[in-house]
Structure formats: C-alpha cells, structure tokens
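Take a look at the letters that make up each chain.
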2 protein chains.
Amino acid sequence: MRDFSVDHSALALNTATLGHNVEGAGAGWSPERTIDACASRGITGIVFWRREIGLRAHQIGQSVRAAGMSVVGLCRTPFLVGPLAPKGRQAVMDDFCASIDMAAALGAPVLTIVVGGVEPGTKGPRDSLALVADRVAEAAPYAAARGVKLALEPLNPVYGGNRSCLMTVRDAVDLCQQIDAPNLGIAVDVYHTWWDTSLGAELLRAGPERIFGFHLCDWLAETRDMLVDRGMMGDGVADLRAIRRDVEAAGYAGPCEVEVFSAETWWRRDPGEVLDVMMDRFRTCC
Amino acid sequence: MRDFSVDHSALALNTATLGHNVEGAGAGWSPERTIDACASRGITGIVFWRREIGLRAHQIGQSVRAAGMSVVGLCRTPFLVGPLAPKGRQAVMDDFCASIDMAAALGAPVLTIVVGGVEPGTKGPRDSLALVADRVAEAAPYAAARGVKLALEPLNPVYGGNRSCLMTVRDAVDLCQQIDAPNLGIAVDVYHTWWDTSLGAELLRAGPERIFGFHLCDWLAETRDMLVDRGMMGDGVADLRAIRRDVEAAGYAGPCEVEVFSAETWWRRDPGEVLDVMMDRFRTCC
C-alpha cells in the first residue's frame, strides 16, 4: 500500500471541494486561480466540472500542463436515464458526446458517468440499468476514438430515486462485463461505497484494468443533508485506509481525488485553507 | 404469490404510519383508538412502538386480541452500538431486555432490532457489527425463553453513520448464520432494500425460517428528508411486486406491515383517511 504520509503525488483536487457550485466561497475562483493554488502547493492532479470549462477546454488543459500538473478527469456526463436526464434518447446521446468531446479537448483521460435515477414509468433499478447499458455501449467507441475512458460511478443508494440507479460496485462491474468495452471501467468513491462489506471482493472482480478512479472524502456520522454534507477525510466514519487497501489490492495505483461537497462547512471557508487542510488530511488520514 | 387485491388478511399497520411521533395528527390517537379504527376496517394486524405502550403492554395486547386482531410485532430494541446507543454495554443490555419483556407482555411474536451506527472510536461497519453480534447473541436466549423472535432489520446505507451499521440483507443473513440462534432472523423493509439487485438471492440464502417480517412503503424519487419522507405504496420508484415476489419465493407467507414515516404528507392527514388509502394501496400496488 502506498505511503501517503511521505508522498502525496497521487493527490488530486476535484474542484467541487472548493465549492464551485455555491455563490461566494470558491465560486469566485477561475480555473486558472485554482491551478495556481494547486501548483504552488505541489498538488499535481486536478479534476474539473463541465460548468467551469465552457468553451475553453483546450486552453484550460494547456494551463494545467504548463503548471506541471495533469488533468486527471472530468465530471461528468449528463444523467443518462431518470427524471433529471435530458428529454429523449437523442438529447441524452448528444450531451453524452459533448461531454466526451470536452474531456478530449481538456486532455482528461477519464470522464465520470453518473447514470441517473429510475426512468419515469418504470419501477426499481433493473429497467433503468438496461437503458444505461444501451446508451453507454453506444457512446463507448465514440469515447475510445477520442482517447477518453468512461468511468461508471455507483452512487450511495440514497441517490437511487433521481440520480443513480447504479448503486453498487457489484452492479457497476456487471455493467462493465456486459458492455465489454476496453475503455469502460468504474470510479470508486468512499462516500458511495464505505458501507459495502463486499467492496473488496467486488474490486477484485473488477480487476486493475477496470478501476479508473478513486475518490476521497468521508461519511459524517450525523449527516444533515443528502447532497452537500460530506466530510473531509478523518472527520467521519468511513474506514478510508481499509477501503484504499482494497482498491490497491485490486491493482489500482492511480490518482486519488478529493471530492467534498460541503455547503455548511468547507464551502464556507477560504479555498486556500481548504487546500491546506485537504493536503494534511491526505497525508494523515488516507 | 398471494393476491392482495382479493385478500388483505396479510395487511398490518405499523403505527408509525399514523404519525405517532409528531405533534398533532396521529399523535392524538391512543392505542385503543388505533385498534378500533383498524378493527372497523378489517385490518387484523398491528405493530406498535415502545413509546406508545408504557406500562400497559399486557392490557394493550388484550385489547388487540379482544378486537379480533393480532399484535404482529414491536418496534424496537434500543440501538445496540453507535453514537445514539445507551452509554455502556450494561445499559444497552438492560434496555434490550426491557424491550424483550415488553414484546412478551404485549404478545408480540417479533421484536425488531435496529442495531445502531458506527461505534465511536471505530471506522467502517465491521467492528460495530462484531459488537452487535456479541450483544444479540447474549440477548437471544433471553428472548427465546419469553417466546419472542428477534428480527435484525438492515437499514438503507444512508443511515449507516448513526443508526445502523447493518445496511444489507447480505450482512444480516451473515449475522444470523454466525450467531445461529433459532429465534433470530431478519426483517425486510422495501425502503431499506429496494435498491439491492442481489436481494432475491440473499433472501433465498436466508430461507423461510429466517424471514420474520416484511415492511411496506415506497421510495420517493425526489426524497426531501432522510428520515421522514417515505412514500405511500405506489407513489415511489420501488418495485414492490418484484420485491414481494422475492420475499415470498424465499418462503415468507406472514404479515406485511405498512410503515410510512412522512412528516409533510401522510402525518398531516387525518389518520382515518391514511388507513383508507393504505388499504387501497395495499390491494392495488403491492
């Protein structure tokens, strides 16, 4: 297992941690300011969200590399199914391809897929997962041709209704095996998987060629909000070391991105301070 | 599979559905009034919560039976571990035994166990589950001597931090097999398990002798509150028929209790109307 206390080269910032999606706080930071703040601290990886990129994907990617850093990934595809997806299959596929194009232009090797919730008119996850399989299978070659890997991210079951009918690593690995595209894998997020006692076994089933990302934060014992009350590493009850041990035992040796949605705590603090705390926690708690 | 459209004898009311724990609404209904309202509608099963019973367990049980009904269960043990459990092992066991005594006095054949969250000072579910196993193993013979079955209820992973380190039927079946007490089984609640694509296989692993209860409500696509925004059957995205098919395929033929925590919708309505809607939905959506 890698020793992060002496080497934080695997650390990547997911810009959500700086509160990109609230007024104030990190909302005032441009991609360039975030890049500078990371580079000055020796953080070498960064993950952006589409909303931050606009039409400047190529330029922002160049800025990252000019600073000696790497774009580690892009969040994310549109919801592919469910009540929050674009209306109609063609609209979904068009935006799916647009997100792939942006990842390619940015130089992001991995695009995260959040699949969306239960398709209206259906019940339970199965029918929706079948639609997801169909849509991902169609987009995978398009992404492969542009050098982009697609990472299916299962979300915590609390998001099953409207955000993700894909709720376990088990189901994500099943989807990968079913679709069988060389550039399709999974992203493992401790927020979404910390509860799963079968995680280690499922990651071994995935294997190193299917694990495209590992996301860090923590699950607060007294979670107050379903969306934006994640904890910084060390503040919650997830066994971060045990999870990383499982992820690395399955062969993953890539970046570990910190993604903390926290409207009332971390998004209220100065983004520079948040970066400093994040680095410290990465060294001591992960 | 049983046909509930023509026979609702399996229907049981969990009194939480009437809003026992909010001011106003069903909070004004005594156990006797609830019994009368159920009996007049032909609802034959009822599940109480400890807070409603006080020192009148024997008397309330007699009232239920005098109305031609059955007490189907009692909610619930104290949290056995985690931040909300009584402080110290002895305090936990004392209250655990008190809840067993109440179930026996009430004539409730099943007592639900909600195990509690991650034990302070530990990380992840495993250490806490080991403590749960120890405490349940000690209490099981005490319950057996009083004719009470203990039903481990896995909760949705959203409750993992402070309410239940037991989050999957898989882990609940494992606990049953590990403890191996004849009066220990599981309760299956659609709110907590609707997302689990391995549910059918895990219920088969449990087998009919380990399934002690089946709880109905629905998962709303746009869930607004983690605790008290459950849907009435038919209003959400859970595949209730498919889940019941799995439960019955595993050999369960017992009561199906309706347990809807709904502060903003059902708890604001007249409890009599809620019972009427519940019966209708039981016949048409379950």
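Preceding block: the structure.
These numbers come from a predicted model, not from an experiment. Starting afresh in each chain, residues are numbered from 1 along the sequence in its written order. Note on labels: chains are lettered from A, ligands numbered from 1, in written order. In view of the model being predicted, local features appear only for residues whose pLDDT reaches at least 70, and side-chain atom pairs are presented and counted only at 80 or more, with totals across whole chains, interfaces and linings using the full set of residues.

J.: Outline the interface of chain A and chain B, listing residues and values.
T.: Contact between two residues is assigned whenever their backbone-derived C-beta positions fall within 7 Å. If you look at the interface, chain A gives 30 residues, while chain B gives 30 residues. Under the scheme applied, nonpolar residues are Ala, Val, Leu, Ile, Met, Phe, Trp, Tyr, Cys and Pro; charged residues are Asp, Glu, Lys and Arg; polar residues are all the others, including Gly. Looking at side-chain class alone, the side of chain A that touches chain B contains 15 nonpolar, nine polar and six charged residues.

J.: Go over the relation of the copies chain A and chain B with me, naming the residues and quoting the values.
T.: Alignment of copies: least-squares fit on C-alpha atoms of residues with pLDDT of at least 70 in both copies. Note on the identical chains: chain A maps onto chain B by a rotation of 180 degrees and an axial translation of 0.0 Å, with an RMSD of 0.0 Å. Accordingly, the operation relating the two chain copies is best matched by a two-fold axis. It is V158(A) whose C-alpha, among those of chain A, lies nearest the rotation axis, at 2.8 Å.

J.: Go over helix α9 (residues 240-249) of chain B with me, naming the residues and quoting the values.
T.: All names here are of chain B. Taken together, the buried positions of α9 are occupied by L240, I243, R244, D246 and V247. End-on, the buried residues of α9 take up no more than an arc of 155 degrees, which puts them together on one face. The inward-facing, buried residues of α9 contact β6 (184-189), α7 (190-193), α8 (199-206), β7 (211-216) and α10 (271-285). Once α9 finishes, G251 follows within two positions and takes phi at roughly 105 degrees, a positive value. A residue is called partly exposed when the number of other C-beta atoms within 10 Å of its own lies between 12 and 20, exposed at 12 or fewer, and buried at 20 or more, with C-beta atoms placed from the backbone. A run of H or I in DSSP becomes a helix once it reaches four residues, and a run of E becomes a strand once it reaches two; helices and strands are each numbered from the N terminus. Within this analysis, the arc is defined by the directions that extend from the helix axis to the C-beta atoms.

J.: Any details on the environment of F282(B)? Residues and values, ideally.
T.: Relative to the elements of secondary structure, F282(B) occurs in helix α10. What F282(B) contacts, discounting residues up to four positions off in sequence, is F4(B), H8(B), L11(B), M233(B) and V258(B).

J.: Describe the packing of helix α5 (residues 126-145) of chain B against helix α6 (residues 169-179) of chain B, with residues and values.
T.: Residue and element names in this part refer to chain B. With their axes 10 Å apart at the nearest point, α5 and α6 run at an angle of 50 degrees to one another. As summarised for this structure, α5 and α6 are arranged oblique, according to the angle between their axes. When the axes of α5 and α6 are compared, the crossing they make is right-handed. Listed contacts from α6 to L129, V132, A133, V136, A137 and A140 of α5 are D171, L175, Q178 and I179. Looking at the contact of α5 with α6 residue by residue, the class counts come to eight nonpolar, one polar and one charged. Orientation is described by axes fitted as lines to C-alpha atoms, over the contacting stretch for helices, and by angles from 0 to 180 degrees between their N-to-C directions. Convention used here: angles under 35 degrees read as roughly parallel, angles over 145 as roughly antiparallel, angles from 65 to 115 as roughly perpendicular, and any remaining angle as oblique. Crossing handedness is read from the near helix: turned anticlockwise from the far helix by less than a right angle, it gives a left-handed crossing, and turned clockwise, a right-handed one.

J.: Outline the sheet that holds strand β2 (residues 45-49) of chain B, listing residues and values.
T.: All names here are of chain B. The eight strands lie next to each other as β1-β2-β3-β4-β5-β6-β7-β8, forming a closed barrel whose pairing is parallel. Taking the axes of each pair of neighbouring strands and ignoring which way they run, one obtains an average angle of 30 degrees across the sheet. The rule for pairing is simple: two strands pair if DSSP sees at least two bridges between them. Where strand β4 (residues 110-113) and strand β5 (residues 149-152) come together, four bridges link them in parallel fashion. Within β5, the residue paired with I113 across the bridge is L152.

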